[in-house]
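# Summary of structural features
Residue strings, one per chain:
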Amino acid sequence: MAKTTYSFFPGCSLKASGHENTLSLLKFCEMVDIELQELDDWNCCGSSSAHSVDHEVARDLPWRNISLVPEGQPLLIACPSCMIRFKQSHLKLKNDLDLQKKYEKDWGRPFDPDLEIIHFFELFKRIRLRDYIEEPTKQLKGIKVAPYYGCMLSMPPDLRHEPSYYGLMEDALSRLGAQIVSYGYETQCCGTYLSVAKPELSQKVVTQIISRARDAGAECMVTACAMCHLNLEIRCSMKKPIPTFHFSEMLSMALGAEKQKKWFPKHIVNPIPLLKERKLFKSRSNGLGELKSIFTRKDVKK
Amino acid sequence: MIELKKGHGDLARDIQKLTGINFNGCLHCRTCSNACPFVDGMDYLPNVLLRLVQMGMEKQALESSTIWVCVGCNTCCSFCPMAIDIPMVMDALREKALAQGVKIGEPDILNFHNEVLKTVKKYGRTHKLEIMMRYKLKKHDFLSDVGVGLKMLKKRKLDLTPSKIKDKKALGKIFKK
Ligand code: SF4
Ligand code: SF4
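Residues numbered from 1 in each chain as written. Chains lettered and ligands numbered in written order. Predicted model: local features only at pLDDT ≥ 70, side-chain atom pairs only at ≥ 80, totals over all residues. Heavy atoms only, no water.

Taken together, 13 residues lie around ligand 1, and B:Cys26, B:Cys29, B:Arg30, B:Cys32 and B:Cys80 are the ones closest in. Partitioning the shell around ligand 1 into residue classes produces nine nonpolar, three polar and one charged. (Near = heavy atom within 4 Å. Nonpolar A, V, L, I, M, F, W, Y, C, P; charged D, E, K, R; others polar.)

Below, the structure is given as structure tokens:
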């Protein structure tokens, strides 16, 4: 299949504390013939802090990033909150000719109203997993997972016509053989930076989320956000917390990625005992031999 | 109907100017307050805060902890039947609180935001370790969370050196102040 190239904005969370997420995301994309080109010299999108105290900085930070995207390339954003910042910034520009002029003057590039800004989830509409994984699949057989979206599906009113991805993780993971646990807290926000500034608040919500999931039978949490991942791991006050996986880790594991060892040790709550118990640690033994050719192809750079 | 006295209503007008939000739309159905995960840390529920804005109770609104505890998760506004962008109202109120120099309802949270922005201004990207260290330094609090910090360092969740952007001029353009 022909390769598609996307500009890729990792964002600070992924770059600094989400090494395992970055690695697995890159691996997954490589496996499904998507080439990610990291946006050259990208800057922080301003995250929660810029819009909290200075709306001009909050507007300008994503603008510079938008101006760096090579013409015609869609922009893939790994972090759900960065994505909302980008989309809101872009939408604001689209609707305001004066701002467009300012943008063009500041960043020396014509404004592209058609720039596609997409989240990792959108890829699932553009590729067919079954082209890469044989069906019916048993890759994640037996593991009981609690998909966790946090606030990523909640859109502000100006973005309310964006596609909703609710159910996407459930769909993908159950196709791969995992057992989905529903627990009612899938879209409860993890508290993001309150984890630093108000740890007790964050601890309360995180512990509630994870204990509900565990009580409903989940053996692990699956999230698609690096920030959520970190908070679920560091702010759970349960004696025996269950591990949290990044969604892309699950996917690349299912696709038979060999170098899992590289990222699993970076988890704060060690997921290896669970994976061993479910016989998922050695993905090679899952009868994926014929698929190996996909991952070991010479033209796919490591 | 509530009759606004002279001076009342200015806050609603100011915030409407900044955000484009029409405060008359709020039904006070409390959907937002029921959806918000962080009301435990707030002195006014999100819909009550909107009420304060409607009534022009500026001091209460600007000095509230609510505007700082709100993380902008959009949970409230994605359920709001009137599609009121509550987190955007919070943004505008915070900025107004800072501009007017009122007493800050949650200084720790503001301190955190400032430390984040300092590293973004300096490097173009956030540097978590520095943010945490400086945040703790300001708060004179080194003992809480040492365990978490060490774990994060050990698992390389906190990079020792910041990741920086090359185009420093661009940062000057963004951070004019
Ligand atoms: S959900 Fe919307 S309409 Fe209802 S009280 Fe909150 S802001 Fe007002
Ligand atoms: S955006 Fe703010 S007020 Fe709304 S639910 Fe989230 S934390 Fe609560």
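The rest of the description comes next.
Moving on, we come to the nonpolar core. Core analysis: the largest hydrophobic core is formed by 99 residues, its most contacted members being A:Phe9, A:Phe86, A:Met221 and B:Leu93. Residues within four places of A:Met221 in sequence aside, it is in contact with A:Ala146, A:Tyr148, A:Tyr183, A:Ile209, A:Ile210, A:Ala213, A:Leu232, A:Ile242, A:Pro243, A:Thr244 and A:Phe245. (Core = buried A, V, L, I, M, F, W, Y, C linked by side-chain atoms within 4.5 Å. Buried < 20%, exposed > 50% of the residue type's maximum accessible area, 1.4 Å probe, protein only. Contact = heavy atoms within 4.5 Å.)

As a further point, take the sheet that holds strand β5 (residues 144-148) of chain A. Strand pairs in the sheet, formed through backbone hydrogen bonds, run parallel or antiparallel to each other. All names here are of chain A. Taken in spatial order, the four strands line up as β6-β5-β7-β8 in an open sheet, and their pairing is parallel. Among the strands making up the open sheet, the edge pair consists of β6 (179-180) and β8 (244-246). Sitting on the sheet, helix α12 (residues 247-254) is in contact with β5, β7 (220-223) and β8, with an inclination near 75° to β8. (Pairing = 2+ DSSP bridges. Helix = DSSP H or I, 4+ residues; strand = E, 2+ residues; numbered from the N terminus. Axes fitted to C-alpha atoms, helices over the stretch in contact; angles between N-to-C directions.)

Mapped onto the elements, B:Glu95 comes out in helix α7 (residues 86-100). A polar side-chain atom of B:Glu95 sits 2.7 Å from a polar atom in the side chain of A:His55. Among all residues touching B:Glu95, those that are not within four sequence positions of it are A:Ser52, A:Val53, A:Asp54 and A:His55. (Polar contact = N/O pair within 3.5 Å; in protein donor to acceptor, adjacent residues only side chain to side chain.)

This paragraph deals with the sheet that holds strand β4 (residues 117-119) of chain A. Residue and element names in this part refer to chain A. As summarised here, the arrangement of the four strands in space is β2-β1-β3-β4, forming an open sheet in which the pairing is parallel. Only two strands of the sheet have a single neighbouring strand rather than two, namely β2 (34-38) and β4. With strand direction ignored, the average angle separating the axes of adjacent strands in the sheet is 40°. Docked against the sheet, helix α5 (residues 80-94) engages β1 (4-9), β3 (75-77) and β4, running at close to 160° with respect to β4.

Counting residues at the interface gives 53 residues for chain B, matched by 58 residues for chain A. For the pair chain B and chain A, the summed buried surface comes to about 4,900 Å²; carbon and sulfur atoms form 60% of the total. Ionic pairing is found between A:Lys198 and B:Glu106, a salt bridge with its closest N-O pair at 3.2 Å. When contributions to the side of chain B that touches chain A are tallied by element, the ones reaching two or more residues are α5 (66-69), α6 (75-79), α7, α8 (107-123), α9 (128-139), α10 (146-154) and α11 (168-174) of chain B. No other element matches α8(B), which puts eight residues into the side of chain B that touches chain A. Counted by class, the side of chain B that touches chain A contains 25 nonpolar, eight polar and 20 charged residues. (Buried area = accessible area lost by both parts, 1.4 Å probe. Salt bridge = Lys/Arg side-chain N within 4 Å of Asp/Glu carboxyl O.)

This part is about the packing of α5(A) against helix α6 (residues 97-107) of chain A. Residues and elements named next belong to chain A. Viewed as axis vectors pointing N to C, α5 and α6 meet at an angle of 115°, and their least axial separation amounts to 6 Å. Regarding the angle of α5 to α6, the classification is roughly perpendicular. In this structure, α5 uses Lys-92, Leu-93 and Lys-94 to contact α6, whose residues at the interface are Leu-99, Gln-100 and Tyr-103. (Parallel < 35°, antiparallel > 145°, perpendicular 65-115°, else oblique.)

Residues and elements named next belong to chain A. When the domains of chain A are assigned, the result is domain 1 (4-120) and domain 2 (135-294). Contacts between the two partners involve 24 residues from domain 1 and, on the opposite side, 29 residues from domain 2. Summed over both sides, the interface of domain 1 with domain 2 buries roughly 2,200 Å², with 73% coming from carbon and sulfur. Where domain 1 touches domain 2, the interface holds one salt bridge. Glu-162 serves as the salt-bridge partner of Lys-87, at 2.4 Å between the closest nitrogen and oxygen. (Domains from an automatic or database assignment.)

Residues and elements named next belong to chain A. Counted under the stated rule, the structure contains 19 salt bridges over all chains. Asp-60 is paired through a salt bridge with Arg-59; the nearest N and O atoms lie 3.1 Å apart. Looking at Arg-59, the relative accessible area reads 14%, which means it is buried. When salt bridges with common partners are traced through the structure, they connect Glu-116, Glu-122 and Arg-126 into a single cluster.

Let us now look at the site of ligand 2. Residue and element names in this part refer to chain B. If you check the shell around ligand 2, you find 13 residues, and the closest are Cys-36, Cys-70, Cys-73, Asn-74 and Cys-76. Put simply, the parts of the chain that give the shell around ligand 2 at least two residues each are α6 and α7. Of the residues in the shell around ligand 2, the class split is 10 nonpolar, three polar and no charged.

Summing up the model confidence of chain B, the mean pLDDT is 83 and the portion of residues at 70 or higher is 75%. Here the complex is predicted with pTM 0.85, and the ipTM for its interfaces comes to 0.82. (pLDDT = per-residue confidence, 0-100.)

Now for the environment of A:His229. All names here are of chain A. One can find His-229 in helix α11 (residues 226-234). Given a relative accessible area of 2%, His-229 falls into the buried group. Separated by 117 residues in the primary sequence, His-229 and Asp-112 place their C-alpha atoms 33 Å from one another.

Our focus in this paragraph is the pairing of β7(A). All names here are of chain A. In β7, alternate side chains face the same way, and those of Cys-220 and Val-222 on one face and Met-221 and Thr-223 on the other are all buried. For β5 and β7, the ladder comprises four bridges, and the chain directions are parallel. Directly across from Val-145, in β7, lies its bridge partner Cys-220.

Residues and elements named next belong to chain A. With 15 residues, α5 extends 21 Å between its outermost C-alpha atoms, agreeing within 8% with the 21 Å of an ideal straight helix rising 1.5 Å per residue. With 11 of 15 residues buried, α5 is to be regarded as a mostly interior element. Residues of α5 that are buried: Pro-80, Cys-82, Met-83, Ile-84, Arg-85, Phe-86, Lys-87, Gln-88, Ser-89, His-90 and Leu-93. (Expected span 1.5 Å × (residues − 1).)

Now for the packing of aromatic side chains. All names here are of chain A. All chains considered together, the criterion is met by 14 aromatic pairs over all chains. Ring geometry for Phe-28 and Phe-124: centres 5.8 Å apart, planes at 20°, overall stacked. Here Phe-124 lies in helix α7 (residues 123-126) and Phe-28 lies in helix α2 (residues 19-31), a separation of 96 residues in the sequence. Each member of the pair, Phe-28 as well as Phe-124, is classed as buried. (Phe/Tyr/Trp six-rings, centres within 6.5 Å; stacked < 30°, edge-to-face > 60°.)

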